[in-house]
Amino acid sequence: MAVLERRARKQPDLLPPPGSDLTPSEFSSYRRQLAKGELKTEQGRDLTEAEWLDALNEKRSRLRGIKLASKGNQKQVEVVGQKIYLPNVIFRMVRNHTPKGKPYNPYEATFRVPQSITKTDIRSYLSAVYGVKTTYIRTANYISPLRRTRMGLRPVGRYRTYKRAVVGLVDPFYYPLDMEDMDKVTRREREAWLEEKFALKALIRWRRYELVRTTQSGSRGWHFTGHLRRDKILQAVARRRMITRMEIEGIKAEIAEKRAAGKQILTEKVKS
């Protein structure tokens, strides 16, 4: 508001003419550089307002870490220096917020990025690493809710504090469908691919194994049998009962054979 008030008090000759694309601040910078003679071209003429604004916008939208290199008759984009991927900078791609009944916008992508990342960093990262061209970037910080403790207010969890970046894309990107939105054949293929690449079932099994091992290993007389599900436990109990029954039937048959042959069934132990 203070800037708008100062601009309103300016004299008309200090404001950009009607129909100009320059803001009052840009117009002041243009006149100041023009008076210093800093806008001379190679031909000796001064840059016009449109040419100066184009050069300014090109400078504003420049990307870090890349340069235009001439190879033959073509100009190609090259990455300056060596690519370094820092493990503490994580871009997590999430689905766009789509209201119910509205189509999914493929020309937008939503990321969760660290709070120290700026819009210029996001544009440069996507362009230099993945070759993704962007049109606009909007960011918003989401702060974790607070809870009251004896020591005062504390955040609920750091993971709930993040920065969301909505990026406009030049080329459309269609996010994969949810599992519940796929048909049976596609869902089966997707589950098979996930199991082959990430072994999700084995991960769940070993996670449950470690949970039981770490929580029950201190119990007296406890040993891990390898069964966690109730149906597996019941199957193991039935299997042990069947083995016990077979052993009892075998002993009965042996006793019946000895009795029929007139042999002694029970023998006394000789004490030494």
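Scroll up a little and you will see the structure.
Within each chain, residue numbers correspond to sequence positions counted from 1 in written order. A pLDDT threshold of at least 70 governs which residues receive local features in this predicted model, and a stricter bar of 80 or more applies before side-chain atom pairs are shown or counted, although totals over entire chains, interfaces and linings include all residues. Heavy atoms from the whole structure form the basis of all side-chain values; hydrogens and water molecules are not counted.

Chemist: Hey, could you run me through the pairing of strand β2 (residues 74-79) in this one?
Modeler: The two faces of the sheet receive side chains in turn, since in a regular strand these alternate between them. Residue exposure (1.4 Å probe, protein chains only): buried if accessible area is under 20% of the type maximum, exposed if over 50%, otherwise partly exposed. In DSSP terms, a helix is any run of H or I states spanning at least four residues, a strand is any run of E spanning at least two, and both are numbered starting from the N terminus. For β2, the buried fraction is low: zero of the six residues fall into the buried class. What makes two strands pair is DSSP finding at least two bridges between them. As paired strands, strand β1 (residues 66-71) and β2 are joined by six bridges and run antiparallel to one another. Each bridged residue has a counterpart across the sheet, and for Ser-70 the counterpart in β2 is Lys-75. A loop of two residues connects β1 with β2, the two strands running antiparallel in sequence, and Gly-72 in this loop sits at a positive phi of about 75 degrees.

Chemist: How do you make sense of the pattern of salt bridges when you look at a structure like this?
Modeler: Pairing of side chains with opposite charge becomes possible as their charged atoms draw close. Throughout this description, the term salt bridge denotes a Lys or Arg side-chain nitrogen within 4 Å of a carboxyl oxygen of Asp or Glu. Within this structure, the stated rule accounts for four salt bridges. Close ionic contact of Arg-45 with Glu-51 constitutes a salt bridge, the shortest N to O distance being 3.1 Å. The partner of Arg-95 in a salt bridge is Asp-178, with the nearest N and O atoms 2.6 Å apart. With Arg-95 in the loop between β3 (92-94) and β4 (108-113) and Asp-178 in the loop between β8 (162-169) and α5 (184-198), this pair connects stretches of sequence that are 83 residues apart. By relative accessible area, Asp-178 is classed as partly exposed at 26%.

Chemist: Whenever I open this one, the sheet that holds β3 confuses me. Can you help?
Modeler: Sheets are built from strands that pair by backbone hydrogen bonding, the pairs being arranged parallel or antiparallel. Spatial ordering of the open sheet is given by β3-β4-β8-β5, a layout of four strands whose pairing is antiparallel. The open sheet has two edge strands with one neighbour each: β3 and β5 (134-142). Mean inter-strand twist for the sheet, computed between neighbouring axes without regard to direction, equals 30 degrees. In this sheet, β4 lies alongside β3 in antiparallel orientation, the contact comprising three bridges. Looking across to β4, one finds that Met-93 is bridged to Phe-111. Throughout, a contact is declared for two residues whenever any of their heavy atoms are within 4.5 Å. The angle between two axes is taken between their N-to-C directions and runs from 0 to 180 degrees, where each axis is a line fitted to C-alpha atoms and a helix contributes only its stretch in contact. Each of β4, β5 and β8 touches helix α4 (residues 119-130); the most contacted strand, β5, lies at about 130 degrees to it.

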